[in-house]
Amino acid sequence: MLGALITGRVSVGLAGVSACKSALTIAIKYGLKRRQFAPKDGAPETILMDYPSHQQRLLPRLAKTYAYHFALQDLAKEMVNTPRDGDFRKVETKAAGLKSLATWHTTDTIQECREACGGKGYLDENRLSNLKADTDIFTTFEGDNTVLMQLVAKGVLTEFRKSFGENNFFAVMKYLQERLSKKLIEINPSYANNTSVSHLLDPRFHAHAFRYREEKLTLSVSTRMRKYLGQRIDPNDAYMRCQLHMLELGAAYSERLALTSFQSAIETVEDKNVKSALEKVCQLYALTIIQQEKGFFLENEYLGVSKTKAIRRMIAKLNQELRPMAGTLVDSFGIPEELLGANIILYN
Ligand SMILES: Cc1cc2nc3c(=O)[nH]c(=O)nc-3n(C[C@H](O)[C@H](O)[C@H](O)COP(=O)(O)OP(=O)(O)OC[C@H]3O[C@@H](n4cnc5c(N)ncnc54)[C@H](O)[C@@H]3O)c2cc1C
């Protein structure tokens, strides 16, 4: 039963990422040739992709698409290679998380791509409306995303307990507390406010931030559940009190999976130019998620205000640096123009 569920979820996640690739290819290619508004009379009109707003709308979404591509490719391999009587539950947790992240991302990305093409994006002949209609249901079938994210959080908590080979809840808590205090030693005020370029772009900072969020949420959900159960609150009521917390943990775990896969994929690339382009895309992905979750990082004093501002500026800088490569980054998806099926790409 698990085999059928997991295959379906991995396939839907991959199909969502494929739809994002098509939508982004259409929107970015259109943005590279469509001009709108001149800075002054007689001057050529500005190419859409040269507007920082257009870059911000499309390039971080392109970076997330790359991340979910690598994560789902890794998961598909793991699914095939894991014996059904082995660690298949772990694969189920990953599939639920990545299916949800990827398909929420699909819905958001296709809508943004549609708007980024203006009125042309709404024309049936430019495919975006079809992509939108086809993929809308992905967030619901093969498991509703909100329900699946709770399954992810439960899976993460169960795995932590199992990794100790016993049902000793206190051992798990102690272990997590120790790991977090080690991290907290590193997160002193100078770390939380380190705005140097090399630090902000350092993959070790990104991995550290993603792990910190996942572990901190694992510990805080476990502590709350334990407290409620200790007060003899009905387990279902205790769960309801922690439900929003669980959803955040599910998302944190799944984003960390995506970052790990992306960073590992880059390590295997030999071509220097390809590697350097992918590193930039990965930096943009990681900083976009950190920026998106800055409420968490600020509340936990993991990031200071000067650093969150520096991250916002760095995202805009990475957008600008990736702008000249935007066409190549979507060409690398290898979708032939005739299969994109969008007239705005084929003709002027
Ligand atoms: C086109 C299509 C094809 C399908 N194909 C198949 C198929 O081949 N085989 C099959 O078995 N099923 C299939 N389904 C069913 C699909 O898996 C379910 O629709 C899906 O799991 C959601 O369940 P539901 O429709 O009962 O929604 P509900 O469970 O009623 O959910 C409605 C809303 O309530 C929220 N919600 C529900 N429970 C919770 C909770 N515990 N916590 C928080 N929020 C919650 C959900 O997030 C959702 O927003 C298909 C559905 C569609 C639309």
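Residues numbered from 1 in each chain as written. Predicted model: local features only at pLDDT ≥ 70, side-chain atom pairs only at ≥ 80, totals over all residues.

Caption draft 1: Focus on the overall build of the protein chain. Check the secondary structure of the protein chain and you find 17 helices and 0 strands. What you see for the protein chain is a C-alpha radius of gyration of 22 Å, in line with the 20 Å of a compact globule of 348 residues. Along the first, second and third principal axes, the C-alpha atoms of the protein chain reach 75 × 50 × 40 Å. Out of the 348 residues belonging to the protein chain, those deemed buried represent 38%. Relative to all contacts within the protein chain whose residues are 6 or more apart in sequence, the contacts with residues 24 or more apart total 79%. (Helix = DSSP H or I, 4+ residues; strand = E, 2+ residues; numbered from the N terminus. Rg over C-alpha atoms; globule rule 2.2 N^0.38 Å. Buried ≥ 20, exposed ≤ 12 C-beta atoms within 10 Å, placed from the backbone. Contact = placed C-beta atoms within 7 Å.)

Caption draft 2: Main features of unusual backbone geometry. Although it is not a glycine, Phe 37 sits at a positive phi angle of roughly 70°. Mapped onto the elements, Phe 37 comes out in the loop between helix H1 (2-33) and helix H2 (52-81). One non-glycine residue, Arg 232, lies in positive phi territory at about 60°.

Caption draft 3: Up close: the domain arrangement of the protein chain. Entries for the protein chain in the domain assignment read domain 1 (2-143 + 331-346) and domain 2 (146-324). Just the C-alpha atoms count here: the centres of domain 1 and domain 2 sit 23 Å apart. In this complex, domain 1 contributes 26 residues to the contact, which on the side of domain 2 involves 28 residues. When contributions to the side of domain 1 that touches domain 2 are tallied by element, the ones reaching two or more residues are H2 and helix H3 (88-116). Here the side of domain 1 that touches domain 2 gets 13 residues from one element, more than from any other, and that element is H2. For the side of domain 1 that touches domain 2, the class distribution of residues is 13 nonpolar, 6 polar and 7 charged. (Domains from an automatic or database assignment. Nonpolar A, V, L, I, M, F, W, Y, C, P; charged D, E, K, R; others polar.)

Caption draft 4: How the structure looks around the environment of Ile 233. Tracing the backbone through its elements, the reader meets Ile 233 in the loop between helix H9 (203-230) and helix H10 (235-241). With 15 C-beta atoms counted inside 10 Å, the residue Ile 233 sits in the partly exposed group. Residue contacts for Ile 233: discarding those within four places in its chain leaves Tyr 228 and Ala 238.

Caption draft 5: Here's a closer look at the packing of H1 against helix H4 (residues 128-135). Interaxial distance between H1 and H4 falls to 10 Å at its minimum, and their mutual angle equals 165°. Judged by the angle between their axes, H1 and H4 are roughly antiparallel. Crossing hand, H1 versus H4: left-handed. Facing H1, whose interface residues are Gly 16, Ala 19, Ser 22, Ala 23 and Ile 26, H4 presents Leu 128, Leu 131 and Thr 135. (Axes fitted to C-alpha atoms, helices over the stretch in contact; angles between N-to-C directions. Parallel < 35°, antiparallel > 145°, perpendicular 65-115°, else oblique. Left-handed = near helix turned anticlockwise from the far one by under 90°.)

Caption draft 6: Layout of the nonpolar core. Counting 77 residues, the largest nonpolar core has Ala 23, Ile 26, Ala 27, Ala 67 and Tyr 285 as the members making the most contacts within it. Counting only domains with at least three residues in this core, you end up with domain 1 (2-143 + 331-346) and domain 2 (146-324). Once residues within four sequence positions are removed from consideration, Ile 26 is found in contact with Cys 113, Cys 117, Asn 126, Arg 127, Leu 128, Leu 340, Ala 342, Ile 344 and Ile 345. (Core = buried A, V, L, I, M, F, W, Y, C linked by C-beta atoms within 7 Å.)

Caption draft 7: Local environment of the site of the ligand. Around the ligand, the neighbouring residues are Ile 137, Thr 140, Phe 141, Gly 143, Asp 144, Thr 146 and Val 147. In terms of residue class, the shell around the ligand is made up of 3 nonpolar, 3 polar and 1 charged. (Near = placed C-beta within 6 Å.)

Caption draft 8: Spotlight on the packing of helix H11 (residues 243-267) against helix H12 (residues 272-292). Across the interface, H11 lies against H12 with an axial gap of 10 Å and an inter-helix angle of 165°. Classed by the angle they form, the pair H11 and H12 counts as roughly antiparallel. Where H11 crosses over H12, the two elements pack in a sense that is left-handed. Facing Glu 255, Leu 259, Phe 262, Gln 263 and Ile 266 of H11, the residues of H12 in contact are Lys 275, Leu 278, Glu 279, Cys 282, Tyr 285, Ala 286 and Ile 289. Its residues assigned to classes, the contact of H11 with H12 shows 8 nonpolar, 1 polar and 3 charged.

Caption draft 9: Main features of H4. Restricting attention to buried positions, one finds in H4 the residues Leu 128, Leu 131 and Thr 135. Viewed end-on, H4 has its buried residues packed into an arc of 60°, placing them on one side of the element. (Arc of directions from axis to C-beta.)

Caption draft 10: Focus on the environment of Val 305. Its place among the elements puts Val 305 in helix H14 (residues 305-322). Between the C-alpha atoms of Val 305 and Lys 294, which are 11 residues apart in sequence, the distance is 9.6 Å.

Caption draft 11: Spatial organisation of the environment of Arg 241. The topology assignment puts Arg 241 in helix H10. Note: C-alpha distance between Arg 241 and Arg 224 (17 residues apart in sequence) is 8.9 Å.

Caption draft 12: Up close: H14. Across its 18 residues, H14 extends 26 Å between first and last C-alpha, which sits within 8% of the 26 Å expected from 1.5 Å per residue. Every buried residue belonging to H14 is among Lys 307, Ala 310, Ile 315, Leu 318, Asn 319 and Leu 322, and all of these are buried. Of the surrounding elements, those touching the buried residues of H14 are H2, helix H7 (189-192), helix H8 (197-200), H12 and helix H15 (326-331). (Expected span 1.5 Å × (residues − 1).)

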